[in-house]
Structures are given as C-alpha cells and as structure tokens.
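# Breakdown of the fold
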Amino acid sequence: MSQGSFLGIIKKKFGDGNYDGDQFGGAGGHDGSGLPVDNPSNFMFATGIECSYPTIEHGKVRRDQLRECGHYDRWKEDLGLVKEMGLKVLRYGLPYYSIHLGPGKYDWSFADVVMAEMKKLGITPILDLLHFGLPDWIGNFQNPELPIHFAEYAEAVAKRYPWVRYYTPVNEIYVTARISGKDGIWNEQLKTDKGFVTALKHCAAASIMANQQIAKHRNDVVIVQSESAEYTHELCATPSPQTDLENELRFLSLDLLYANPPSATVAMYMMDNGLTRKEYDWFMAGKPPGYQIMGNDYYGRNERIKLPDGSIKTSMDVLGWYEITRDYYERYRMPVMHTETNVFEADQAPIWLYKQWVGIMRMRRDGVPVLGFTWYSLIDQIDWDIQLAAVKNNVNACGLYDLDRKPRPVAEAYKNLLKEFGQITIVPYGEMLEMTDQPARLKTQV
C-alpha cells in the first residue's frame, strides 16, 4: 500500500488541472436518454438490490450480500420482480471487488449479462460503483491510491455501458469511513479518529474523481449521492462536546463533496487527524460536474438517544426523515431523493412506508425539490441487524420480497402507492432542476 497524500497521487496520474470544481457539466457531448420514454412521470420510484461487500475478521471473510441473498443465481428473476412491481428505477451495485482485478484488468462476465437484461426490461439503473468494500489488491480505505484506481474503474464502466446516466459513485461515504476506520468492524478495522478521517477523505476524493471520469463520457450524468441521514439525541442537562461533534461530523462527507466549508471545530478535527491544508483546498474548489442530487438514507435506527450513563439506545423516528433531511437541505440547497429506507419487522413495513411517503409529500408541499423515493431493498437481507459484523445468517425481513422471492406485505402497499401517485413529477411548483439530454446545467439556483 502506498504512503503519502492522495492528492499528490491524483496530480501525478491526472495532472494539476483535472479537478476544476465545475458543477455545470463535463467535457464532451453525448447523446443519451434519462428515464425510459414510456415513463408517464419523472419522479423516480425505486427499489434497490442490497449489494454490500465489506471484509470482516481482518480480511479473512468477505460479506457479499449479492451472494448471501442468492442474487448471483437468481438475478434474472430479481430483475423480473422489479418489473412486476411496476418500478422503472433500480439502485443497483455491480460487485466492484470482483470486477476490478488490477490496473486495467476487469472481469465483466456477470456485469454484462445483468446490464443487458436491465436494458432489455427498460429498467433505469442508478449504478452503485462502490458499496462498503474494495478489491483485495487495493487493500482498504487507508490506501491513498484508492481515488486513482477507482476513477479508472468508473471510466471503464461509463465506456462499457454508455446508456447508463445515473450513478452513485461511493455509497454512504460517512458510514463506510466510520464503520471501517472508527468503529473497528469492517475492512481496516481501525478504532481511531485518524483512521476515520483518512478513510473519509479517500472515499470523498474517489467519488469526485469517479464523477469527473464519468462526465468525460457522459456530460449529462446524474449523480445520486446516497448518504446516511443521522442524528444523536443526548439526554443530559449539559450536552457533551463529543455528541455535538458527532452531530457535525455526519455532514462531513457531503461538505467535502459539495465544497461546503465545515465549522471551525470540524476543520480543526480533520487537520488534527491527517487532512492537510492542500487537501482541504482541493475539496473546497467546487462541486463536481453533472446534475448533483443529495440522496438521504433514513432508517429509524439512524436516530439514537445517548443516556447520562453514556449508553446508546435506538430511538426509531423521533425527528424522522422530514426533519433530519430538512437540516441537510437547508445546509446544501441540493435537490433531494429518499434513497434508502426499511424496517426489519415485516408486519410494520407497510406503515413505515406510509410514514416515509407522508414526509416526502410534506417536503414537496414546502417547496423542497424531492426527485425520488426508494424502498431498500427488493429482497430480504442477511445480518444487517449486526452491521454484517459476524456471519450469523440471520434473515432481516426488510425486503419487498423474502429470500424465496415471495412478496411481503410491503410489496402490495408499495404497488398501491404507485397506483395513486405514479403520475407525479419531480417538482410540484415548476422545474427547479431541468434534466434533459443536454450537458448538465442548473436551470435556477435551488
């Protein structure tokens, strides 16, 4: 693994001028399409196929959810279920760790057949390029070479599937960095602030560089940056500085991606833990190219209550998606998508779906441009109740379908929602963000 700054490695590979912070589109034209032409609305009703693949036990075990949940064997059936649901948009993650075999080396055998079927069915993918894990040859998120290797991969994907317009370059950067670098559960399994900051800056830089390379070939690219919407409530008469810091750090990945200067406290924290001034200036140069959509992932378990004895309790929906996402929107003024939600109790899933939709409709009525909604995921998951920390093979009943591909009650609830609201458009009071086949431009400042 290389040592040193990711920034020097990027400049050696791409030169000083590669990242110019241009939010209004990349170089070169490209004819392409957005949502399928038969879509009566442009609001993105979506689901996703859970595709996490971090390593645990110091690299000895790879938790590949596509394998554990049977998708490699049943991918055609799974895509058929998306079609059966009446959904035209799918958050889908190709297994980066098994495709990118080394610099300039790829195995497209699985990706090619799945992507061809998706295109045939008229499903619009939001293509997830990095989901919690890396190829073994790259190592882990402490490697400063990650941004250049990942940028190469992203360009290769864009060239191989030129019809794809929607991307999530790096899924949940904050969560990736925290669980790998601070919580000691995944990948490098560090438990330090420096490990967290290093992983976060490398992931953010990787996302930016991937965005740049995709935009070279697809300058109308739409980037849906999926990030966990978090909050910790503290039941103490005098809140601790640590909790205040944690509630600021939840914004850090988006601050770096969107060139939003963090508070002085957070800036000092980053520089105390390895971020250099030159790296900071690089991040603050401006937004990446293309249409930028702020995706907020919200689960009730994202909200926590810290008790006076320091113990943490899952609070489940104190503020909810609306209030927490409103904080993110006021900070960045970016178009919004609800990119993930579920509950582990199948009988509670329909009411949870309705609650999320009520929040979306309220947000739209308040003039916030909400562009889409995702129930995550299509099928049940394995061991997410323990963050994949150990192989327990516990089924989390959070899918639209179970692992036998039988519908759960939430599937019918989602279909009914589609029947009622399937004709709505992305913005109720005029198009703040105009998505066309032309190079990306903000029509008006959101």
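The name given to the chain in an unreviewed UniProt entry is Family 1 glycosylhydrolase, and the organism recorded there is Spirosoma liriopis.

Time to look at the overall build of the chain. Regarding its fold elements, the chain presents 15 helices and 17 strands. Counting the 446 residues in the chain, one finds 61% classified as buried. If you take every contact in the chain between residues at least 6 apart in sequence, the share linking residues at least 24 apart comes to 77%. Looking at the chain as shown, the accessible area adds up to about 16,800 Å², and 50% of this sits on carbon and sulfur atoms.

The next thing to look at is the sheet that holds strand β12 (residues 303-306). Each strand in a sheet pairs with another by means of backbone hydrogen bonds, the pair being arranged parallel or else antiparallel. The three strands are arranged β10-β12-β13 in an open sheet whose pairing can be described as mixed. Unpaired on one side and paired on the other, β10 (231-234) and β13 (312-314) mark the two borders of the sheet. Direction aside, neighbouring strands of the sheet carry axes that sit 30 degrees apart on average. Where β12 lies against β13, three bridges are found, and the strand directions are antiparallel. Bridging from a neighbouring strand, Arg304 pairs with Thr314 of β13. Its contacts with the sheet place helix α9 (residues 241-249) against β10 and β12, and it is angled at close to 160 degrees to β10.

For the rest of this paragraph, the subject is the layout of surface pockets. By volume, the largest pocket amounts to about 980 Å³. Lining the largest pocket are 43 residues; nearest its centre among them are Arg178, Glu230, Arg301, Arg304 and Gln387. Looking at the lining of the largest pocket, the elements with two or more residues in it are α7 (173-182), α8 (193-217), β10, α9, β12 and β13.

Our focus in this paragraph is the side chain of Asn302. In this structure, Asn302 sits in the loop between β11 (291-297) and β12. When sequence neighbours within four positions are dropped, the list of residues in contact with Asn302 reads Ser228, Ala229, Glu230, Tyr231 and Asp297.

This part is about the pattern of salt bridges. Think of it this way: side chains of opposite charge can pair up when their charged atoms draw near. Under the criterion given, the structure shown has 26 salt bridges. Among the ionic pairs, Arg405 bridges to Asp78, the shortest N-O distance being 2.8 Å. Separated by 327 residues along the polypeptide, Arg405 in the loop between β17 (395-396) and α15 (409-421) and Asp78 in helix α3 (residues 71-85) bring together distant segments of the chain. Accessibility assignment for this pair places Arg405 and Asp78 in one class, buried. Between Arg91 and Asp128 there is a salt bridge, with the nearest N and O atoms lying 3.4 Å from each other. Taken together, the residues span a long stretch of sequence, with Arg91 in strand β4 (residues 89-93) and Asp128 in strand β7 (residues 124-128) at a distance of 37 residues. Residue classification places Arg91 among the buried positions, given a relative accessible area of 2%. By relative accessible area, Asp128 is classed as buried at 2%.

Cut-offs and rules
Residues numbered from 1 in each chain as written. Predicted model: local features only at pLDDT ≥ 70, side-chain atom pairs only at ≥ 80, totals over all residues. Heavy atoms only, no water. Helix = DSSP H or I, 4+ residues; strand = E, 2+ residues; numbered from the N terminus. Buried < 20%, exposed > 50% of the residue type's maximum accessible area, 1.4 Å probe, protein only. Contact = heavy atoms within 4.5 Å. Areas by Shrake-Rupley, 256 points an atom, 1.4 Å probe, with all protein chains shown as cover. Pairing = 2+ DSSP bridges. Axes fitted to C-alpha atoms, helices over the stretch in contact; angles between N-to-C directions. 1 Å grid on protein atoms, 1.4 Å probe; cavity = no way out; pocket = protein on both sides within 12 Å on 5 of 7 lines; lining within 4 Å. Points joined across faces, edges and corners; volume = space filled by probe spheres on them. Salt bridge = Lys/Arg side-chain N within 4 Å of Asp/Glu carboxyl O.

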